[in-house]
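In case you want the letters, here they are:
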Amino acid sequence: MAQLSERMRALVQPHLADIEPYDPNFTPTRINLSANENTYPLPAPVHDAVVSALAATPLNRYPDPMSDELRGELAAWHGVAPEQVCVGNGGDELLYNFLLAFGGAGRTLVTCPPDFSEYAFFASLAQTDVVRVWRDADTMRVDAASLVEAAQQAHMVILTSPNNPTGDVLERDLIARVCAACPGLVMVDEAYGEFADAGTTAEPLLACHDNLVVLHTLSKAFGSAGIRCGYVLAAPDIIEVFAAIRQIYSVNVLTQAAAVAAVRSRAVFEPVVETIRAERERMAAALGSIPGVRVWPSQGNFLLVRMAEASRVRARLRDEYSILVRDFSYAPGLADCLRITVGTPEENNAVLHALEQLVAYGSLGKETR
Ligand SMILES: *Cc1c(COP(=O)(O)O)cnc(C)c1O
């Protein structure tokens, strides 16, 4: 495991001494299905709207700190007041600020791993204790009673629905029970919400639970991971904290302009999302029919799969087929698991074809060419 230099270990804050240096190790591949991006080309009308919005944006002025135009658009879409919306430089910035504002020494965050690794990372930066309510090792489902019990003592809870990387959604009733039980704040990370069945979002609970925060991003369904834009919906006094703590210019003018154009064109994304959902079901069935491959049902744009020697399979996919998927086999609770983003039909067929060769015919034993 990589380490900071001795000198830096002595100079950084003590709780950061064991932090790993960022590893920019990145292999360009023909097909990248490792980061749950939307791999479809941006629909032409959206592309055109974004390009003209960017062209019309003056660059000499600082951005509007609260992204008010975008905020208004998001509020109208989600049926909340603009005071209930805060925009961030990707969902990650909002997650980080959530921990920075409400976490800290002596405080606890409840999570349900295996989940998004950034939660525990940001918690460690903010010196926040993490209480882990582990998912069932086989079904990957959350145990409702254990979650509600843990929430009763928590300053913060983060739930992910659909969850990355397991793919399941949490019932709205359970989220309501967690909100009722928790004396602190409950964030529901809906980064993949657009890919889930209708009626699964926690948003209707905002009206009756003033400790609920719902996180969204334009990085996944909206095919805009590169522009870095996410947002939270919550009670106005919670949004005031997000607004007060953030770097005021973190959402730059180009991001704001592109995001407004993308959100206004949101109807154009619907057929793309439908195609990804259909491809997800096709892939789940096809992967599941390869002997020795386990697939969990997913409501996101990705599938969690388990197979023998997953790490090796992933390396061979990369080296022999130029296909990149995410290796989770080192992660607790995810032994021999890979996460495969659902791509275009061509990309998905390439993955299927490769896995059929690597797994089904037992060719793993052979040496890598
Ligand atoms: C991708 C993702 C996010 C946010 O990503 P950004 O690109 O920073 O907006 C948040 N939560 C989960 C679970 C994700 O997978």
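Definitions and cut-offs
Residues numbered from 1 in each chain as written. Predicted model: local features only at pLDDT ≥ 70, side-chain atom pairs only at ≥ 80, totals over all residues. Heavy atoms only, no water. Helix = DSSP H or I, 4+ residues; strand = E, 2+ residues; numbered from the N terminus. Contact = heavy atoms within 4.5 Å. Pairing = 2+ DSSP bridges. Axes fitted to C-alpha atoms, helices over the stretch in contact; angles between N-to-C directions. Phe/Tyr/Trp six-rings, centres within 6.5 Å; stacked < 30°, edge-to-face > 60°. Buried < 20%, exposed > 50% of the residue type's maximum accessible area, 1.4 Å probe, protein only. Core = buried A, V, L, I, M, F, W, Y, C linked by side-chain atoms within 4.5 Å. Domains from an automatic or database assignment. Salt bridge = Lys/Arg side-chain N within 4 Å of Asp/Glu carboxyl O. Buried area = accessible area lost by both parts, 1.4 Å probe.

Engineer: Honestly, the environment of Arg 314 in this entry has me stumped. Any pointers?
Structural biologist: Mapped onto the elements, Arg 314 comes out in helix 11 (residues 310-321). The spatial distance from the C-alpha of Arg 314 to the C-alpha of Pro 162 is 24 Å, given a sequence separation of 152 residues. When near neighbours in sequence (up to four residues on either side) are disregarded, Arg 314 contacts Leu 324, Val 325, Asp 327 and Leu 338.

Engineer: Help me out: how do you make sense of the sheet that holds strand 9 (residues 294-295) in this one?
Structural biologist: What links the strands of a sheet is backbone hydrogen bonding, and the strands pair in either a parallel or an antiparallel sense. If you trace the four strands from one edge of the open sheet to the other, you get 9-10-13-12, paired in antiparallel fashion. Of all strands in the sheet, those with a lone pairing partner are strand 9 and strand 12 (326-327), marking the two edges. The pairing of strand 10 (residues 302-306) with strand 13 (residues 337-341) spans five bridges and is antiparallel. Within strand 13, the residue paired with Leu 304 across the bridge is Arg 339. Against the sheet, helix 10 (residues 266-288) engages strand 9, strand 10 and strand 13, with an angle of about 10 degrees to strand 10.

Engineer: I keep staring at the packing of aromatic side chains and nothing clicks. Help me out?
Structural biologist: A complete count under the given rule lists ten aromatic pairs for this structure. Here the aromatic rings of Tyr 62 and Tyr 249 are separated by 4.5 Å at their centres, their planes lie at 10 degrees, and the arrangement is stacked. Placement of the pair is Tyr 62 in the loop between helix 2 (44-55) and helix 3 (68-78) and Tyr 249 in the loop between helix 8 (236-245) and helix 9 (253-264), with a sequence separation of 187 residues. Of the residues examined, Tyr 62 reaches a relative accessible area of 63% and is grouped as exposed. Residue classification places Tyr 249 among the partly exposed residues on the basis of a relative accessible area of 37%. Taken together, the aromatic side chains of Trp 77, Phe 222 and Phe 269 make up a single cluster linked through ring pairs.

Engineer: Which parts of the structure should I look at to understand the nonpolar core?
Structural biologist: In summary, soluble globular proteins display a tendency toward joint burial of nonpolar side chains. Counting residues in hydrophobic clusters, the biggest one holds 83 residues, and the most contacted among them are Leu 287 and Leu 355. Examining the composition of this core, we find that eight residues originate from one element, helix 10, more than from any other. Three or more residues apiece are contributed to this core by two domains, here domain 1 (27-41 + 269-360) and domain 2 (44-264). Cys 86, Met 156, Met 187 and Val 232 belong to the second-largest nonpolar core, a separate cluster that totals 24 residues.

Engineer: Can you walk me through the pattern of salt bridges in this structure?
Structural biologist: Two side chains that carry opposite charge are able to pair once their charged atoms sit near each other. Following the criterion strictly, the structure yields 15 salt bridges and no others. The closest approach of N and O atoms between Asp 68 and Arg 71, which form a salt bridge, is 3.3 Å. One end of the pair, Asp 68, and the other, Arg 71, are both in helix 3, three residues apart, so they sit about a helical turn from each other. Taking relative accessible area as the criterion, Arg 71 reaches 13% and is therefore assigned buried. Here Glu 73 and Arg 264 are joined by a salt bridge, their closest N and O atoms 2.9 Å apart. Taken together, the positions of Glu 73 in helix 3 and Arg 264 in helix 9 put the pair 191 residues apart, joining distant regions of the chain. Through salt bridges that share partners, Arg 135, Arg 141, Asp 168 and Glu 171 make up one connected network.

Engineer: Looking at this structure, I do not really get the domain arrangement of the protein. What am I missing?
Structural biologist: Think of interface size as the accessible area that goes away when the parts come together; that is how it is often given. Taken domain by domain, the protein consists of domain 1 (27-41 + 269-360) and domain 2 (44-264). Distance between the C-alpha centres of domain 1 and domain 2: 25 Å. With 24 residues of domain 1 at the interface, the matching set in domain 2 holds 27 residues. Of the roughly 2,000 Å² buried between domain 1 and domain 2, counting both surfaces, carbon and sulfur atoms make up 60%. Applying the counting rule to domain 1 against domain 2 returns two salt bridges.

Engineer: Help me understand the sheet that holds strand 4 (residues 129-132), please; the structure alone is not making it clear to me.
Structural biologist: Read from one edge to the other, the open sheet built from seven strands follows the order 2-8-7-6-5-3-4, with strand pairing classed as mixed. Both edges of this open sheet fall to strand 2 (85-88) and strand 4, since each of them pairs with a single strand only. Each strand of the sheet is rotated relative to its neighbour by a mean of 20 degrees, with strand direction disregarded. With four bridges joining them, strand 6 (residues 185-189) and strand 7 (residues 212-217) adopt parallel strand pairing. When the bridges of strand 7 are listed, Met 187 appears paired with Val 213. Most of the contacts of helix 3 go to strand 2, to which it runs at about 125 degrees, and overall it touches strand 2, strand 7 and strand 8 (230-234).

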